[in-house]
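Survey of secondary and tertiary structure
Listed below, chain by chain, are the residues.
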Amino acid sequence: MKKRSTAELPLAGILPLTAAVNDEGHLAIGGCDTLELAREFGTPLYVFDEETLRHKCREFRSEFRRRHADSGVSYAAKAYLGRALAALLAEEEMDLEVVSGGELAIARSVDFPPQRVYFHGNNKSEEELREALDYGIGHVVVDNPYELELLNQVATSMGKRQPILLRLSPNVDPHTHRHTTTGVLDSKFGFPIVTGQAEAAIKQALSLPAVELVGLHFHLGSPIPHMEPYQEAVQVVIDFAAQMAERHGFRLSELSPGGGFAIQYLEDIPAPAPAEYAAAIASALVGACRAHSLPLPRLVIEPGRAIGGQACVALYKVGARKEIPGVRTYVAVDGGMGDNIRPALYSARYSALVANKVGEEERERVAIAGKFCESGDVLVRDADLPRLEAGDILAMAAAGAYCLPMGSNYNAFLRPAIVMVRDGAARLIRRRETYEDLMRCEVWPSP
Ligand code: LLP
């Protein structure tokens with residue numbers, strides 16, 4: 001399919017890298033006409049662009065490696081994980097950060113190399129820890145004293161010695177939405193440094209026979225568009241590591257400053273490039289280690305949103321329209337908070353365009369409403385778009401992170417299908433749910 005220049009397309013830097021306007025004047029992704037995709041696979045449809053996904057993996061890997069040779073990029077599965085994506089990440093030599101037995105099971109189902117998996121979470125169960133160790137997981141990121149003891153018991157009973165990182169709470173505020181701020185003192189995650197609990201954890205970990213303490217982790221929040229919180233927290237944690245080296249003989253072999261790298265959702269709010277994060281984090285690490293004469297640890301970052309966010313566009317079909325004179329016009333689409341709860345939960349803002357009216361100049365201001373039975377189910381409150389009519393296809397950009405995995409079957413609506421596009425071909429990677437799927441776990445009448 002011939003592509004026109006992407007320059008004609010709005011939302012550069014927000015849409016996938018292969019987004020273009022095709023000869024029919026439609027939005028195309030990965031060489032596929034989005035209207036044809038909507039017709040063939042139905043809507044709502046989540047369209048992942050393989051080229052953007054691979055590009056982001058490579059960009060993060062090379063930008064960090066260029067500045068710190070011993071570094072790795074661990075994709076945060078919580079942003080979205082399916083089997084096709086897990087297989088792609090394995091091919092791209094990414095590491096993987098999971099937070100549940102379920103995410104672990106998806107990784108395992110595609111034979112994701114276990115050594116490259118990190119297991120996070122603030123309340124891992126004994127069963128999940130067993131599953132992880134049975135799989136041969138590379139690292140468990142231990143969050144609290146209870147888990148440290150539990151892991152030691154599990155590893156002992158399995159005859160293993162498990163490499164771990166300790167998750168610290170460095171008490172640095174990244175000023176994100178309060179629901180997504182984690183690195184402050186008043187947080188459920190990690191061992192606080194200032195209270196002395198982190199030091200106690202180091203001592204405990206060094207004394208336990210079935211765990212091998214290899215490093216430290218922190219995650220400040222998400223998304224963080226500034227460099228200062230990362231730099232400040234790296235300094236705090238390296239100062240702490242130096243003290244622990246002196247007092248307890250702790251050797252920091254690996255440091256993870258987590259994820260949280262911002263992406264662009266709106267035309268007037270650009271996001272920093274991966275290179276900026278790499279430069280800021282690597283220089284803070286090198287500077288702090290040099291000041292304490294500590295050897296440089298391996299650096300592992302954990303981007304989720306910044307790998308998959310831009311790679312995906314959600315396609316919806318336009319339906320009902322409600323005009324309230326002098327107040328607002330609502331235009332409803334066939335999805336909403338069941339496939340993207342972020343606007344309702346965090347007041348997250350998105351950019352949209354009309355896939356079959358890309359070139360139209362005239363605009364009207366409307367609210368894009370979902371079809372769920374809740375007033376808060378509004379995907380975009382103030383969208384300036386060509387006049388929307390029933391049957392139009394609305395494309396929501398930057399839908400690749402935290403939409404599908406936070407989805408639900410609220411109102412017993414079906415979860416959408418997902419396709420992966422590349423070079424003009426579309427692969428269905430998750431089929432749309434059916435009514436049978438909805439009732440699969442129901443037990444009635446009881447046996
Ligand atoms: N590492 C850890 C330990 C995390 O907790 C998270 C995200 C990440 C890495 C990846 O963060 P990212 O690079 O994707 O920003 N549901 C919220 C985001 C919650 C993030 C939770 N932790 C949202 O939709 O914005």
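None of the values given here were measured: they were computed from a predicted structure. (Residues numbered from 1 in each chain as written. Predicted model: local features only at pLDDT ≥ 70, side-chain atom pairs only at ≥ 80, totals over all residues. Heavy atoms only, no water.)

Looking at where histidine 219 falls in the secondary structure, it is placed in the loop between β11 (211–217) and α8 (228–248). At a separation of 3.1 Å, a polar atom in the side chain of histidine 219 contacts the main-chain amide nitrogen of glycine 259. (Helix = DSSP H or I, 4+ residues; strand = E, 2+ residues; numbered from the N terminus. Polar contact = N/O pair within 3.5 Å; in protein donor to acceptor, adjacent residues only side chain to side chain.)

Turning our eyes to something else, we now look at the site of the ligand. Neighbouring residues of the ligand: 20 residues in total, closest Ser222, Glu302, Arg342, Tyr346 and Tyr402. In this structure, a nitrogen atom belonging to the ligand sits 2.7 Å away from a side-chain N or O atom of tyrosine 346. The separation between an oxygen atom of the ligand and a polar side-chain atom of tyrosine 402 is 2.6 Å. Using a 2 Å cut-off from the grid points, one finds that the ligand occupies the largest pocket. For the shell around the ligand, the per-class residue count stands at 6 nonpolar, 8 polar and 6 charged. Per-domain counts for the shell around the ligand show at least three residues from each of domain 1 (6–42 + 311–439) and domain 2 (51–308). (Near = heavy atom within 4 Å. 1 Å grid on protein atoms, 1.4 Å probe; cavity = no way out; pocket = protein on both sides within 12 Å on 5 of 7 lines; lining within 4 Å. Sits in = over half its atoms within 2 Å of the grid points. Nonpolar A, V, L, I, M, F, W, Y, C, P; charged D, E, K, R; others polar. Domains from an automatic or database assignment.)

Attention shifts here to the nonpolar core. A general feature of soluble globular proteins is that nonpolar side chains tend to end up buried together. Counting residues in each nonpolar core, the largest one holds 141 residues, and the members touching the most others are Leu166, Leu216 and Leu394. Both domains that meet at this core, namely domain 1 (6–42 + 311–439) and domain 2 (51–308), each give it at least three residues. When residues no more than four places from it in sequence are discounted, the contact partners of leucine 166 are Val142, Leu148, Phe191, Ala201, Ile202, Leu213, Gly215, Leu216 and His217. (Core = buried A, V, L, I, M, F, W, Y, C linked by side-chain atoms within 4.5 Å. Buried < 20%, exposed > 50% of the residue type's maximum accessible area, 1.4 Å probe, protein only. Contact = heavy atoms within 4.5 Å.)

It is worth spelling out the sheet that holds strand β2 (residues 27–29) at this point. Read from one edge of the open sheet, 3 strands run β1-β2-β3, paired in antiparallel fashion. Of all the strands in the sheet, the pair left with one neighbour each is β1 (20–21) and β3 (32–33). Pairing of β2 with β3, which is carried by 2 bridges, proceeds in the antiparallel orientation. The residue of β3 that forms the bridge with alanine 28 is aspartate 33. (Pairing = 2+ DSSP bridges.)

Taken domain by domain, the protein chain holds domain 1 (6–42 + 311–439) and domain 2 (51–308). If you average the C-alpha positions of domain 1 and of domain 2, the two centres end up 32 Å apart. Across the contact, 26 residues belong to domain 1 and 21 residues belong to domain 2. Where domain 1 abuts domain 2, roughly 2200 Å² becomes buried across the two surfaces, and 62% of that area is made up of carbon and sulfur atoms. Summed over the shared surface of domain 1 and domain 2, the result is 0 salt bridges. Scanning the region where domain 1 abuts domain 2 turns up 5 residue pairs in polar contact (both at pLDDT 80 or more). (Buried area = accessible area lost by both parts, 1.4 Å probe. Salt bridge = Lys/Arg side-chain N within 4 Å of Asp/Glu carboxyl O.)

On to the pattern of salt bridges. With the rule as written, the count across this model stands at 32 salt bridges. The partner of arginine 116 in a salt bridge is aspartate 95, with the nearest N and O atoms 3.8 Å apart. With a gap of 21 residues between them, arginine 116 in the loop between α4 (101–109) and β7 (117–119) and aspartate 95 in strand β6 (residues 95–98) connect regions that are remote in the sequence. A residue is classified by how much of its surface remains accessible, and arginine 116, at 23% relative accessible area, is partly exposed. Residue classification places aspartate 95 among the buried residues on the basis of a relative accessible area of 7%. Across the pair arginine 130 and glutamate 126 runs a salt bridge, and its minimum N-O distance is 3.2 Å. Residue arginine 130 and its partner glutamate 126 are located together in helix α5 (residues 126–135), separated by 4 residues, close to a single helical turn. For arginine 130, a relative accessible area of 32% corresponds to the partly exposed category. Shared partners join several salt bridges into a network, and the residues in it are Glu50, Arg54, Arg58, Glu91, Glu92, Arg422, Asp423 and Arg427.

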